[in-house]
Amino acid sequence: MNENRRQILEMLAAGKITADEAERLIAAVETERARPAGEYSGSLGGSNGATVKTRAKYLRVLVEADESMTGMKGQTTVNVRVPMQLLRAGVRLASLIPAQAHQQLDEALNRHGVPLTLSQIKPENLEELIYHLEDLTVDVDSSEGNATKVRVFCE
Amino acid sequence: MTPNFVVLGIDTPGFHWPKLWLPIFLLWVPVILLSPIILLAFVALAIANRTNIWRVVAIFWDILCSLPGTHVRVSAQDARVLVRIL
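Residues numbered from 1 in each chain as written. Chains lettered and ligands numbered in written order. Predicted model: local features only at pLDDT ≥ 70, side-chain atom pairs only at ≥ 80, totals over all residues. Heavy atoms only, no water.

## Some thoughts on the pattern of salt bridges
Rules: Every case where a carboxyl oxygen of Asp or Glu lies within 4 Å of a side-chain nitrogen of Lys or Arg is listed as a salt bridge. Numbering of helices and strands starts at the N terminus; helices are DSSP runs of H or I of at least 4 residues and strands are runs of E of at least 2. We call a residue buried when its accessible area falls under 20% of the maximum for its residue type, exposed when it is over 50%, and partly exposed in between, using a 1.4 Å probe and counting protein chains only.
Tallied over the entire structure, the rule returns two salt bridges over all chains. Of the charged contacts in the structure, one is a salt bridge between R60(A) and E155(A), with a shortest N-O distance of 3.3 Å. You can see R60(A) sitting in strand 3 (residues 58-65) and its partner E155(A) sitting in the segment after strand 6 (149-154), a full 95 residues away along the chain. One salt bridge connects R80(B) with D11(B), and the closest N-O pair in it is separated by 3.8 Å. One end of the pair, R80(B), is in strand 5 (residues 79-85); the other, D11(B), is in strand 1 (residues 5-12), with 69 residues separating them in the sequence. Given a relative accessible area of 43%, R80(B) falls into the partly exposed group.

## Considering the interface of chain B and chain A
Just so we agree on the cut-off: Residue contacts are defined here by distance: any two heavy atoms, one from each residue, within 4.5 Å place the two residues in contact. By definition, the buried area sums, over both parts, the 1.4 Å-probe accessible area that each loses when the two are put together. Under the convention adopted here, Pro, Cys and the residues Ala, Val, Leu, Ile, Met, Phe, Trp and Tyr are nonpolar, Asp, Glu, Lys and Arg are charged, and Gly plus all remaining residues are polar. When DSSP locates at least two bridges between a pair of strands, those strands are taken to pair.
Listed by partner, the interface residues are 19 residues for chain B and 19 residues for chain A. Contact between chain B and chain A buries roughly 1,700 Å² in total, counting both sides, with carbon and sulfur atoms accounting for 57%. The interface formed by chain B and chain A contains zero salt bridges. Mapped onto the side of chain B that touches chain A, the elements with two or more residues apiece are helix 3 (53-65) and strand 4 (71-76) of chain B. Along the lines of polarity and charge, the residues of the side of chain B that touches chain A split into nine nonpolar, six polar and four charged. Where strand 4 (residues 76-83) of chain A and strand 4 of chain B come together, five bridges link them in antiparallel fashion. By the bridge assignment for strand 4 of chain B, N79(A) is matched with R73(B).

## A few points about the confidence of the model for chain A
Residue and element names in this part refer to chain A. Here is the rule: A residue's pLDDT is the confidence the predictor assigns to it, expressed on a 0 to 100 scale.
This prediction gives chain A a mean pLDDT of 74; 75% of its residues lie at or above 70. Across chain A, the secondary-structure element scoring lowest on mean pLDDT is strand 1 (residues 42-45), at 47, and the one scoring highest is strand 4, at 92. Below a pLDDT of 50 lies the segment residues 36-47, which in the model reaches 35 contacts outside its immediate sequence neighbourhood of four places, other chains included.

## A word on the packing of aromatic side chains
Stated formally: In summary, the pairing rule links any two rings of Phe, Tyr or Trp, Trp by its six-membered ring, whose centres are within 6.5 Å, and it sorts them by plane angle into stacked for under 30 degrees, edge-to-face for over 60 and tilted for everything else. Note on criteria: charge over ring means Lys NZ or Arg CZ within 6 Å of the ring centre, with the direction from the centre no more than 35 degrees off the ring normal.
Tallied over the full model, the rule gives four aromatic pairs over all chains. Between the aromatic rings of F5(B) and W21(B), the centroid separation amounts to 5.8 Å while the plane-to-plane angle is 70 degrees, which identifies the pairing as edge-to-face. On the criterion of sequence distance, the pair formed by F5(B) in strand 1 and W21(B) in strand 3 (residues 20-23) is long-range, its members being 16 residues apart. For F5(B), a relative accessible area of 28% translates into the label partly exposed. Through pairs of rings, three or more aromatic residues link up here, namely F5(B), W21(B) and F25(B). The ring of Y58(A) has R81(A) sitting right over it, with the charged end atom 4.3 Å from the ring centre. A cation sits over an aromatic face here: R151(A) above F153(A), 4.4 Å from the ring centre.

## Regarding the confidence of the model for chain B
Interpreting fine coordinate detail is not advised for predicted regions of low pLDDT. Residues and elements named next belong to chain B. Averaged over chain B, the pLDDT score is 89; the fraction of residues at 70 or greater is 100%. Considering each helix and strand of chain B separately, the mean pLDDT is smallest for strand 2 (residues 15-16), with a value of 80, and largest for helix 1 (residues 28-33), with 94. The ipTM value of the predicted complex is 0.81, and its pTM value is 0.64.

What follows is the structure, encoded as structure tokens:
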């Protein structure tokens, strides 16, 4: 029996995860095994921290802001879902930027507090970048009395 | 796969639009009809420009093909805008 599958069944037997979670985890393991080598994946958490990698398809950005933040009547909500594939294609756009413009762009990004070197984003480390992005979750809650929430995550 | 439909929904306090399903796959008709001209334009650009125009086309094709699944919904002041690419 596959080692991951055995671990999942042991967690199920020990009551650490529910049957539904076990089913999802096993399905994720099977997907992982069927995937060609070198393809990266995100993560799926069980109720008690059990983690098995699955592939995230979308980057989600959710923003909820109240009147005091936006100056508009009522709550403002923004819900954006961007396919990861679009991010991959978008990052490839950076390779079209002429070499002489890279330095100027890097300097401008640094000036604005983004320490990013565009010339270092190459197709070979693009997948690694997306891989780490899939583990990204950003939650911002305002604590100054106004209810503003920002969530960035992958699903 | 290239996008086939764009769903556009706009609601304002004074007016409710029904959701518009825009069949953008129909754009293939003029694109196919104009394909000889488009191809010539690309060849001319490839010769005139130092950038590898075929690489640019490949990247923009990738972007086009990865658009399905994009979903943007914004609500503010009783108004709502929805854009979905299918």
